[in-house]
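# Descriptive structure summary
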Amino acid sequence: MSDSDSDSDSESEESENQTELKQIFSSIKDTTTCLFRLTMAIRDPAPESQHRSAITIDKSHFEEWDVTHARSKFPESEDFLWQRSGHAISSRRQYLCYREEHHQKLAKNTDLIGMEAPRTQYTSNSTEATPLPLVARASSFDVFDGDDALSQTSYAPSEGATIRVPQLPKEAREQEHYECPLCFMIVSIHTKKSWKNHVYRDLHPYYCTFKDCATADRLYDSRHEWFKHELEAHRTSWQCVAGCDKILDSKSAFEKHVETNHAELASPAMLTALKRTAMRSAGLTTQASCPFCNETMSLKALQRHVGRHQEQLALFALPPNLDNTEDEDRD
């Protein structure tokens, strides 16, 4: 065999080895990616349970501060909306604090795994000692006192400043999957738009702006879902179709009107049919005033306009160690 044939065989074998290594590496990478995705699915809490979990940490001492912020931000708004906005901001602080402390406790317990002294367990059919790992149990959450918490989780932006969504984490440029610094979930987000949507999903920025709402404390992570609630629950009227054409602003008022003025149509079956026929949803071209700044515009524009006000208030709950404050004139 010539030297050239030997060199050719060697190169071919080396090429095959490299190809095999690439295949193994690709397989490992795919498996790791699948595990990360599975982790994301397992650890991602249901939206409705997020804020229920947050009540285990008391941040109510922030509420007065947060109400004051809402009042200074939107002085033309009504008192009930200042109170509701401040309460919503404090609820977000609770949730973010809960996520951080929960993450710290999980990390602490993970570090302990494999580092514990073994203990002996005996079974009825064996005298052989079996070492069992001791897993630390999470204790109740530690809560900062008011002064410490204020210095660590809140700050007052300068006058005329806008609080912005934090910049996309640098890990997004370096890793396919990384840990969100707000909710501490494993995420795969690599664009500014997706990151912005994720931050707002964590904050649940939207809530009903009507005074007498049965679900006033509910926070929405979707602008669409929040405005759908307002359209269906508060921006619907009932026009009497029994001849008088009177317009009522609530279902109960319509029912009372029919019972009082059109008793012959007040049977349960007839009343149900009348309510369906009489209901009038507000059109998106209907003019309405912003509850925060009193500016008048169409409902279509109002959804975006009020949503931005609520997003700005929600961002006030972010911890101060994030780069998210800029002057408004830089828009």
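Just so it is clear, the structure is predicted and the values come from calculations on it, not from any experiment. (Residues numbered from 1 in each chain as written. Predicted model: local features only at pLDDT ≥ 70, side-chain atom pairs only at ≥ 80, totals over all residues. Heavy atoms only, no water.)

### Observations regarding the sheet that holds strand β7 (residues 247–248)
Applicable threshold: Two strands are counted as paired when DSSP detects at least two bridges linking them. Where helices and strands are cited, they refer to DSSP runs of H or I of at least four residues and of E of at least two residues respectively, numbered from the N terminus. By definition in these notes, contact holds between two residues if any of their heavy atoms fall within 4.5 Å. Inter-axis angles, ranging from 0 to 180 degrees, are taken between N-to-C directions of lines fitted to C-alpha atoms, where helices are fitted over the stretch in contact.
Here three strands make up an open sheet; going across it, the order is β7-β6-β8 and the pairing antiparallel. Strands with a single pairing partner mark the edges of an open sheet, and in this sheet they are β7 and β8 (279–281). As defined by bridge partners, strand β6 (residues 236–239) adjoins β7 across two bridges and the pair is classed as antiparallel. The residue bridging W238 from the neighbouring strand is L248, located in β7. Lying on the sheet, helix α10 (residues 268–278) is in contact with β6 and β8; it crosses β8 at an angle near 25°.

### Some points on the side chain of H257
Selection rule: Three exposure classes are used, based on accessible area relative to the maximum for each residue type with a 1.4 Å probe and protein chains only: buried under 20%, partly exposed in between, and exposed over 50%.
You can see H257 is positioned in helix α9 (residues 251–261). With relative accessibility at 8%, the residue H257 sits in the buried group. Other than its neighbours up to four places away in sequence, H257 contacts C240, C244, K246, L248 and H262.

### Here's the deal with the nonpolar core
The line we're drawing: Take the buried residues of types Ala, Val, Leu, Ile, Met, Phe, Trp, Tyr and Cys, join any two whose side-chain atoms come within 4.5 Å, and each joined set is a nonpolar core.
Counting 42 residues, the largest nonpolar core has W195, F292 and L315 as its most contacted members. For this core, the elements supplying multiple residues, two or more each, are α4 (79–112), α7 (192–203), α8 (223–233) and α11 (299–314). Broken down by element, this core gets its largest block of residues, six residues, from α4. Leaving out residues up to four positions away in the same chain, F292 has contacts with F74, E76, S77, L81, S85, Y207, T209, V306, H309, Q310 and L313. Membership of the second largest hydrophobic core comes to eight residues, among which are C240, F254, L271 and A278.

### Description of a nonpolar patch on the surface
Short version of the rule: In this analysis, a patch consists of residues with relative accessible area above 30% that form no salt bridge, clustered at 9 Å for like charges and at 5 Å for the nonpolar side chains Val, Leu, Ile, Met, Phe, Trp and Tyr. Every accessible area reported is derived by Shrake-Rupley at a probe size of 1.4 Å, with residue values counting cover from the shown protein chains alone. Between Lys or Arg on one side and Asp or Glu on the other, a salt bridge is scored when a side-chain nitrogen of the former is within 4 Å of a carboxyl oxygen of the latter.
Taken together, the side chains of L21, I24 and I28 define a hydrophobic patch exposed on the protein surface, amounting to about 300 Å² of accessible area. In this structure, I24 sits in helix α1 (residues 3–43).

### Topic: the environment of A172
Of note, A172 is situated in helix α6 (residues 171–174). A C-alpha to C-alpha distance of 9.6 Å links A172 and W195, two positions 23 residues apart in sequence. When residues no more than four places from it in sequence are discounted, the contact partners of A172 are Y178, I189 and H190.

### Focus on the environment of E179
With respect to the helices and strands, E179 occurs in strand β4 (residues 178–179). Filtering out sequence-adjacent residues up to four positions away, E179 remains in contact with H103, F184, M185 and I186.

### Quick notes on the pattern of salt bridges
Counting across every chain of the model gives four salt bridges. Between D66 and R93 there is a salt bridge, and its shortest N-O distance comes to 2.7 Å. Taken together, the residues D66 in helix α3 (residues 63–73) and R93 in helix α4 connect sequence positions 27 residues apart. Here D66 matches R93 in class, with each residue buried.

### Some remarks on α3
Selection rule: Note: the arc covers the axis-to-C-beta directions of the helix.
The complete set of buried residues in α3 reads D66, V67, H69 and A70. Angular distribution of buried residues about the axis of α3 spans 155°; they occupy a single face of the element. Opposite its buried face, α3 presents the exposed residues E64 and S72, each directed more than 90 degrees away.

### Describing the packing of α8 against α11
Filter applied, for reference: By the definition adopted for this analysis, an angle is roughly parallel if under 35 degrees, roughly antiparallel if over 145, roughly perpendicular if from 65 to 115, and oblique otherwise. Each helix crossing is assigned a hand: it is left-handed if the near helix lies turned anticlockwise from the far helix by less than a right angle, otherwise right-handed if that turn is clockwise. Each residue gets one label: Ala, Val, Leu, Ile, Met, Phe, Trp, Tyr, Cys and Pro are nonpolar, Asp, Glu, Lys and Arg are charged, and the others, such as Gly, are polar.
Closest axis-to-axis distance for the α8/α11 pair is 11 Å, and the angle between their directions is 120°. Between α8 and α11, the angle is such that the two are oblique. For the pair α8 and α11, the sense of crossing is right-handed. Of α11, the residues touching α8 (which contributes R223, H224, W226, F227 and L231) are L299, Q303, R304, V306, G307, R308, Q310 and E311. Residues belonging to the contact of α8 with α11 are distributed by class as follows: five nonpolar, four polar and four charged.

### A few points about the packing of aromatic side chains
Where we set the bar: Two aromatic rings, drawn from Phe, Tyr or Trp (for Trp, its six-membered ring), form a pair once their centres lie within 6.5 Å of each other, and the interplanar angle then sorts them: stacked below 30 degrees, edge-to-face above 60, tilted otherwise. For a ring to carry a charge above it, either NZ of a lysine or CZ of an arginine must fall within 6 Å of the ring centroid while also lying within 35 degrees of the normal to the ring plane.
Scanning the entire structure with this criterion turns up three aromatic pairs. Each ring, one from Y206 and one from W226, has its centre 5.8 Å from the other, and the planes form 15°; the classification is stacked. Of the two residues, Y206 is situated in the loop between α7 and α8 and W226 in helix α8; the sequence distance between them amounts to 20 residues. Exposure class is identical for Y206 and W226. Each is buried. Grouping aromatic residues by their ring pairs yields a cluster made of Y206, W226 and F227. The ring of F62 carries R93 above its face, with NZ or CZ at 4.6 Å from the centroid.

### Digging into the UniProt feature "domain: C2H2-type" (unreviewed entry) in the chain
The condition is simple: UniProt positions are given in the numbering used here, feature names are shortened, and annotations may be inferred rather than shown by experiment.
As annotated by UniProt and renumbered to match this structure, "domain: C2H2-type" (unreviewed entry) occupies residues 240–262. Across residues 240–262 one finds 48% helix and 9% strand; the C-alpha atoms that close the span lie 10 Å apart.

### Points about the pairing of β6
Taking every second residue as pointing to the same face, the buried face of β6 carries T236 and W238, while none of S237 and Q239 on the other face is buried. Judged from the three bridges that link them, β6 and β8 form a sheet pairing that is antiparallel. Within β8, the residue paired with S237 across the bridge is R280.

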